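Observations on the model geometry
Letter by letter, the chains look like this.
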Amino acid sequence: PSRLTLSSSSSSLEDPCMVFCSPPNRRLYCALCNKVYKDPVITTCGHTFCRRCCTSKPNEKCPTDGYQISVVVANLTVSDQVGELLIHCKFGCQLKEGTADEWELMPEGGCPLTIKNSQRRLHEQNCEYALVPCPNGTTCPKVMRKHLDEHLRICEHVACPHSKYKCGFRGTREQLSEHLKSCQFEQFKEILSEFDDRIGSLNRQVKQKNEEITFLRQMLASSTDRLNMLEKNYEFRMERQDDNQAKLARELAEFKSQVGFLTNEMQTIATRAGLQRESNHFKCVGTFVGHDGPIWSLCTHGDLVYSGSSDNTIKVSERKDMLAGD
């Protein structure tokens, strides 16, 4: 990885160094401090700056449009992009020679890990290369966390084994031997040890119950989400069914309207063509006789009825004798 070095932010003492594995996109730089965004916010003019840059000066103006800057809302999108940038652990970096605020990678002996910017706090709190103080006293120099156990085995400055009960003794190993002879907690160490075991057991039970509660809450949340999804799906289907029913009703009404229109048009065409039939209806009360074959046609003219048959004959009869009706 490249040794791109960025100056430490003068507006953020909690970030002494920031060394990226590769140069960040220039769109992720604040136009006010010319550094990668720290807690980016959107202002009233629509541009994005570091929150500290916006609030450190009361009359700060946007360098792009000249409007006075006022914070509106956090820019979560840019914040996520900055959080995805890979950086070197600060315990693997050192000050550049001759500078007071520029950093570079250590040639050796430092933390070799690269991490996401959003995860740096968690990593640095547990980094094995972090310098930590000796718990036995302030006279010992700080040591790397990974060397602390080894240091404690040889440390000449030790604490009373009952320091967790607020015994404040700190001294050499020889002094510790003399101290234990008069330490008020030493004579109760068996009882205190039993209490520690009971407390440890209770803590484990509490931890187990908390884990069970967390699991049940997750299951409840999952069930609630599932129920909400089913409810929304049901509501969507019901709305869709109502829409379909309304659509079918509209189409049916339109179809009936078209049928009525076509019926009126056919009646109009029939009337114009002289094909409108008489309004009277008749029904046959007997059968025609005198034909040798089936009747193919039947018509009336005045009071007479004409019938034509397949026997090539036409018979004429009086209507009043053959038909009944109005």
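Here, the structure is the one placed above.
For clarity, every value in this text was computed on a predicted model and none was experimentally measured. (Residues numbered from 1 in each chain as written. Predicted model: local features only at pLDDT ≥ 70, side-chain atom pairs only at ≥ 80, totals over all residues. Heavy atoms only, no water.)

**Section: the pattern of salt bridges**
For the structure on display, the rule yields nine salt bridges. A salt bridge links Arg120 to Glu124; the shortest N-O distance between them is 3.2 Å. Of this pair, Arg120 and Glu124 both sit in helix H3 (residues 120–126), separated by four residues, roughly a single helical turn. What makes Arg120 buried here is its relative accessible area of 4%. (Salt bridge = Lys/Arg side-chain N within 4 Å of Asp/Glu carboxyl O. Helix = DSSP H or I, 4+ residues; strand = E, 2+ residues; numbered from the N terminus. Buried < 20%, exposed > 50% of the residue type's maximum accessible area, 1.4 Å probe, protein only.)

**Let's talk about the sheet that holds strand E3 (residues 71–74)**
For sheets, the rule is that strands pair by backbone hydrogen bonds, running either parallel or antiparallel. Sheet architecture is open: three strands sit in the order E2-E1-E3, paired in antiparallel fashion. Taken across any chain shown, the strands that pair with only one partner, and hence form the sheet edges, are strand E2 (48–50) and E3. Adjacent strand axes in the sheet meet at a mean angle of 45 degrees, parallel and antiparallel pairs treated alike. Relative to E3, strand E1 (residues 40–43) is paired through three bridges, and the arrangement is antiparallel. Within the sheet, the bridge partner assigned to Ile42 lies in E3 and is Val73. (Pairing = 2+ DSSP bridges. Axes fitted to C-alpha atoms, helices over the stretch in contact; angles between N-to-C directions.)

**A short note on the nonpolar core**
Ranked by internal contacts, the top residues of the largest apolar core, which has 20 residues, are Phe20, Cys30, Val36, Tyr37, Phe49, Val82 and Leu85. Sorting the residues of this core by element identifies E2, helix H1 (51–56) and helix H2 (76–83) as the ones contributing at least two each. Once you skip the residues sitting within four places of it in the chain, Tyr37 turns out to touch Arg27, Leu28, Tyr29, Cys30, Thr48, Phe49, Cys50, Val78 and Val82. In this structure, Val158, Leu176, Phe185 and Leu192 belong to the second largest nonpolar core, which totals nine residues. (Core = buried A, V, L, I, M, F, W, Y, C linked by side-chain atoms within 4.5 Å. Contact = heavy atoms within 4.5 Å.)

**Points about the side chain of His151**
Along the chain, His151 falls in helix H4 (residues 148–154). By relative accessible area, which is 14% here, His151 ends up buried.

**Remarks on the packing of aromatic side chains**
All chains considered together, the criterion is met by one aromatic pair. Sitting over the ring of Tyr29, Arg26 keeps its end group 3.9 Å from the ring centre. (Phe/Tyr/Trp six-rings, centres within 6.5 Å; stacked < 30°, edge-to-face > 60°. Lys NZ or Arg CZ within 6 Å of the ring centre and 35° of its normal.)

**Focus: the sheet that holds strand E14 (residues 304–309)**
Taking strand neighbours across the sheet as the criterion, the three strands line up as E13-E14-E15 in an open arrangement whose pairing is antiparallel. What marks the edges here is a single partner per strand, and that holds for strand E13 (295–301) and strand E15 (314–318). For this sheet the average axis-to-axis angle between neighbouring strands, irrespective of direction, equals 20 degrees. As paired elements, E13 and E14 share six bridges and run antiparallel to each other. Considered in E14, the bridge of Cys299 is made with Tyr306.

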